[in-house]
Amino acid sequence: MTPGHRRLLALALVLAVASLAIALLVGSTDIPSAEVLRHLLGDDGSVQDRIVDQLRLPRALTAFAVGGLLAVAGVMMQVLLRNPLADPYVLGVSGGAASAVLGAMLLALPVAWYTAAATVGALFSTLLVFGLTHAGDDWRSERLLLTGIVVAAGWAALISFVLSVSPSDRLPGMLFWLMGDLGQASTPSVPLALLIGVLMLAMLRARDLNVATQGMLRAAALGVDTGRLRLELYFAAALLTAAAVAIAGAIGFVGLIVPHLLRRLGGSDHRVLLPGAALVGGSLLVLADTAARTLIRPMQLPVGVLTAMIGVPVFLYLLHTRTAR
Amino acid sequence: MTVLLEARELRIERGERQLCTALDLRIESTQSWALLGRNGAGKTTLLHTLAGLHMPTAGSITCAEQALHTLAPRARAQHIAVLLQHSGPGFGASVLETVLTGRHPHLGAFSWESRDDIAIATRCLAIAGVEGLAQRPLTTLSGGELRRVEIARVLAQQAPLALFDEPFNHLDIAHQAAILRALRTHCVGPANAMLMVVHDLNIAWHACTHWLLLDGHGGWHAGPRDTVAERVLREPLLGHPVERLGEGERAVFRIPLD
């Protein structure tokens, strides 16, 4: 690890801690920072205590986990498709997962089914995009993006269909969830455990990923079992996306912005990029969510609106600079 | 002298076409092979097959006293290094990071490149004449520079057998000469051998001890360069007559145009 790598990871860690602290300190109820710390450590049964322990903390941790999941899924898809523009949202994977969850909502299935539905939707959507894009030994960038965008449009149409036939009392919940919402988040332990578990497994493959960015044939020549790597990346990326969508709805562009930013800062080595993406992706979503629930308080915005507002210009800029080269 | 790679009764097909049939090939240390043939004759496919990246239709390839396809990918990459015909810039990696990936098959899953690995990579950059580019992003290089970085990576892999697919693509004559000298020094020796796809018969003659020629219809000619060169001079195996002026180390191949 070079000093630059260490600096980058330290910076990401500081950012993560700072973002979580801000999320705990800021909200529609003003609680002094000393009080927040006291509520965090002890329990006095007050309303403020419940706000910190049962609302802000779980929500911040869930936001962190979901952001991390999306950013790591983005890194994996970018390697798999050899394209820094790949992102679960852009490629329609989130759309597939969201359609499946909306279907489950329409059928009034129990909430526990959402994750399963999201996983099936994400895997199917990924398979569809990959299957239609795969050409010979390599993936074609333009075809991939076009396929992903068209598939995403298809899911959007399906989503509109489900919304139009849904009973009106369920519509507001569905809409808010669709735009990406962490308001219902309450059990951060599951996504956090998933993030840490997948990250640890991915770290074993980090150097393989470095080699794979230069093409699967070259990776094979350097001793990577590329068939297995592809399969692992495919399932891991779809699973992470599915988990994120099932918890927080379709939040876009985290998987695109975060890896790009880290690469720009000298973190293109996956041994740095993977943990860095988890930390920075988590921080980004925590900050976005904090902004979403405080910008026009006491009203809450869906966090997906905020990430898209940052993500769209970044994506367009990236697309432009890549085509210009 | 050790046998680094042995192919027996090798048959490779692409769709309906026979690229080579019943090929017997033995690459021993101290040898350097030129792989010749017309466009589309199957040189690249054969090179990929010998590297274990492509399964032959029939026949066997032995490497390190083991069937090549049963060798674990990592072990295979420790024995055989490959320069692919096309370079991909990847995204964001620097020249040094790229050459360091040549050390990939020698490192454990969790280990970082050691001081030794970095020293090897730096030395290989110097051998390929790109030491000044170490910190540059790959995306900023010219075609010739990228080619030499790829060659440095193959050298950093330190495999006994190195296979090069058109190593001189994009190189100016000064760099062709320098790379040719470097490959002869570092890839051919008591424990090393190389095989390269080339079109220039002069390079094939002066750089290689053995020639392997694919005729594009499944037939092949393999052996010491003088023997195969005689066939090329007698028959238009490369699709065009060829003349040789002078003998031995002073020989020059000429392609008569009328």
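Report on the accompanying structure. In every chain, residue numbers begin from 1 and rise along the written sequence. Ligands are numbered from 1 and chains lettered from A, in the order in which they are written. With pLDDT at 70 or above as the cut-off, local features in this predicted model cover only qualifying residues; side-chain atom pairs require 80 or more to be listed or tallied, and sums for whole chains, interfaces and linings still use all residues. The side-chain numbers reported here are obtained from all heavy atoms of the structure, hydrogens and water having been left aside.

**Quick look at the overall build of chain A**
At step 1: Looking only at helices and strands, chain A features 14 helices and two strands.
At step 2: With the radius of gyration taken over C-alpha atoms, the globule rule is written as 2.2 Å times the number of residues to the power 0.38. At 20 Å, chain A has a C-alpha radius of gyration in line with the 20 Å of a compact globule built from 325 residues.
At step 3: When the backbone C-alpha atoms are referred to their principal axes, chain A occupies close to 65 × 55 × 35 Å.
At step 4: The 325 residues of chain A split such that 54% are buried.
At step 5: Total accessible area on chain A stands at roughly 13,600 Å², and carbon and sulfur atoms take up 71% of it. Strands here mean DSSP runs of E at least two residues long; helices mean DSSP runs of H or I at least four residues long; both are numbered from the N terminus. Burial classes follow relative accessibility: with a 1.4 Å probe on protein chains only, a residue under 20% of its type's maximum area counts as buried, one over 50% as exposed, and anything between as partly exposed. All accessible-area figures derive from a Shrake-Rupley calculation using a 1.4 Å probe, and residue coverage is judged against the displayed protein chains alone.

**Section: the environment of Leu-171 of chain B**
All names here are of chain B.
At step 1: Along the chain, Leu-171 turns up in the loop between strand S7 (161-165) and helix H6 (173-187).
At step 2: Between the C-alpha atom of Leu-171 and that of Gly-223, which follows or precedes it by 52 residues, the distance is 28 Å.
At step 3: The contact partners of Leu-171, leaving out residues within four places of it in the chain, are Gly-144, Arg-147, Arg-148, Gln-176 and Ile-179. Any two residues having at least one pair of non-hydrogen atoms within 4.5 Å are treated as being in contact.

**Structural notes on the side chain of Arg-103 of chain B**
Residue and element names in this part refer to chain B.
At step 1: Inspection of the secondary structure puts Arg-103 in the loop between helix H3 (95-100) and helix H4 (115-127).
At step 2: Among the polar contacts made by the side chain of Arg-103, one reaches the main-chain carbonyl oxygen of Ala-156 at a distance of 2.7 Å.
At step 3: Dropping the residues within four chain positions of it, Arg-103 is found in contact with Asp-117, Ile-120, Ala-156, Gln-157 and Gln-158. Here a polar contact is recorded for every N or O atom pair within 3.5 Å, except that within protein the pair must consist of a potential hydrogen donor and a potential acceptor, and residues adjacent in sequence are included only if both atoms are side-chain atoms.

**Brief notes about the packing of aromatic side chains**
Residues and elements named next belong to chain A.
At step 1: By convention, a stacked pair of Phe, Tyr or Trp rings (six-membered ring in the case of Trp) has centres within 6.5 Å and planes under 30 degrees apart, an edge-to-face pair has planes over 60 apart, and any other such pair is tilted. Taken as a whole and assessed by the stated rule, the structure comprises six aromatic pairs over all chains.
At step 2: Relative to Phe-253, the ring of Tyr-89 lies with its centre 5.4 Å away and its plane at 55°, an arrangement referred to as tilted. With Tyr-89 in the loop between helix H3 (47-80) and helix H4 (93-106) and Phe-253 in the loop between helix H11 (226-248) and helix H12 (254-264), this residue pair connects regions lying 164 residues apart in the sequence.
At step 3: In this structure Phe-253 comes out as buried when scored by relative accessible area, which is 9%.

**What about the nonpolar core?**
Where a protein is soluble and globular, its nonpolar side chains tend to be buried together.
At step 1: Counting residues in each nonpolar core, the largest one holds 88 residues, and the members touching the most others are Val-66, Val-72, Met-76, Leu-102, Trp-177, Ile-251 and Leu-274 of chain A.
At step 2: Of the residues forming this core, the biggest block, 14 residues, is contributed by H3 of chain A.
At step 3: Sequence-distant contacts of Met-76 of chain A, that is, excluding residues within four places in its chain, are made with Val-198, Ala-202, Leu-233, Ala-236, Ala-237 and Leu-240 of chain A.
At step 4: One finds Phe-164, Leu-180, Cys-187 and Leu-237 of chain B within the second-largest nonpolar core, a separate group that totals 52 residues. The definition of a nonpolar core used throughout is a set of buried Ala, Val, Leu, Ile, Met, Phe, Trp, Tyr and Cys residues joined through side-chain atoms within 4.5 Å.

**Details of the pattern of salt bridges**
At step 1: A pair is scored as a salt bridge if a Lys or Arg side-chain nitrogen falls within 4 Å of a carboxyl oxygen belonging to Asp or Glu. Under the definition given, this model contains 21 salt bridges over all chains.
At step 2: Across the pair Glu-150 of chain B and Arg-218 of chain A runs a salt bridge, and its minimum N-O distance is 3.3 Å. Of this pair, Glu-150 of chain B sits in helix H5 (residues 143-156) while Arg-218 of chain A is found in helix H10 (residues 216-221), placing the two residues in two different chains. This pair shows no difference in class: Glu-150 of chain B is buried, exactly as Arg-218 of chain A is.

**A short note on the sheet that holds S7 of chain B**
Residues and elements named next belong to chain B.
At step 1: Pairing between strands is defined by DSSP: at least two bridges between them are needed. Here six strands make up an open sheet; going across it, the order is S6-S7-S8-S3-S9-S10 and the pairing mixed. In this open sheet, the two strands that pair with only one neighbour each are strand S6 (80-83) and strand S10 (220-224). Neighbour-to-neighbour, the strand axes of the sheet open up by a mean angle of 15°, direction not taken into account.
At step 2: Where strand S3 (residues 32-37) and strand S8 (residues 193-197) come together, four bridges link them in parallel fashion. Pairing of Ala-34 across the sheet is with Met-196, part of S8.
At step 3: Running at roughly 155° to S7, helix H1 (residues 43-50) makes contact with S3, S6, S7, S8 and strand S9 (210-214) of the sheet.
At step 4: Orientation is described by axes fitted as lines to C-alpha atoms, over the contacting stretch for helices, and by angles from 0 to 180 degrees between their N-to-C directions. Sitting on the sheet, helix H8 (residues 225-234) touches S9 and S10, and the angle it makes with S10 is about 140°.

**Let's talk about unusual backbone geometry**
Negative phi values dominate among residues other than glycine, just as trans dominates among peptide bonds.
At step 1: Residues other than glycine seldom take positive phi values, yet Arg-82 of chain A does so here, at roughly 50°.
At step 2: Along the polypeptide, Arg-82 of chain A turns up in the loop between H3 and H4.
At step 3: In this structure Arg-82 of chain A comes out as partly exposed when scored by relative accessible area, which is 22%.
At step 4: Even without being a glycine, Gln-158 of chain B presents a positive backbone phi close to 50°.
At step 5: Of note, Gln-158 of chain B is situated in the loop between H5 and S7.
At step 6: Overall, the relative accessible area of 42% leaves Gln-158 of chain B in the partly exposed class.

**A few points about a nonpolar patch on the surface**
All names here are of chain A.
At step 1: A surface patch of nonpolar side chains, about 330 Å² in accessible area, is lined by Leu-15, Ile-22, Leu-25, Val-26 and Leu-287.
At step 2: Considering each element in turn, the nonpolar patch owes the most residues, three residues, to helix H1 (residues 3-25).
At step 3: Note that Leu-287 resides in helix H13 (residues 270-294).
At step 4: Note on Leu-287: relative accessible area 34%, which makes it partly exposed. Nonpolar side chains (Val, Leu, Ile, Met, Phe, Trp, Tyr) are joined into patches within 5 Å and like charges within 9 Å, using only residues with over 30% relative accessible area and no salt bridge.

**A word on the interface of chain B and chain A**
At step 1: Listed per partner, the contact involves 34 residues of chain B and 27 residues of chain A.
At step 2: When two parts are brought into contact, each loses some accessible area as probed by a 1.4 Å sphere; the total of that loss over both is the buried area. Here chain B packs against chain A, burying approximately 2,600 Å² in sum over the two surfaces, 59% of which is carbon and sulfur.
At step 3: Of all residues in chain B, Phe-91, His-104 and Trp-112 of chain B give up the largest surface area on contact with chain A, accounting jointly for 34% of the area buried on that side.
At step 4: Viewed at the interface, chain A and chain B are joined by two salt bridges.
At step 5: Our count for the contact surface shared by chain B and chain A stands at eleven residue pairs in polar contact (both at pLDDT 80 or more).
At step 6: If you list the elements that add at least two residues to the side of chain B that touches chain A, you get helix H2 (73-79), S6, H3 and H5 of chain B.

**Things to note about the sheet that holds strand S2 (residues 17-28) of chain B**
Residues and elements named next belong to chain B.
At step 1: Strand order in this open sheet of four strands is S2-S1-S4-S5, and the pairing throughout is antiparallel. Of all the strands in the sheet, just S2 and strand S5 (66-67) have a single pairing partner and so form its edges.
At step 2: Here strand S1 (residues 3-14) runs beside strand S4 (residues 58-63); their pairing, made up of five bridges, is antiparallel. Counterpart to Arg-11 in the pairing with S4 is Ala-58.
At step 3: Lying over the sheet, H1 contacts S1, S2 and S4, oriented at roughly 130° with respect to S1.

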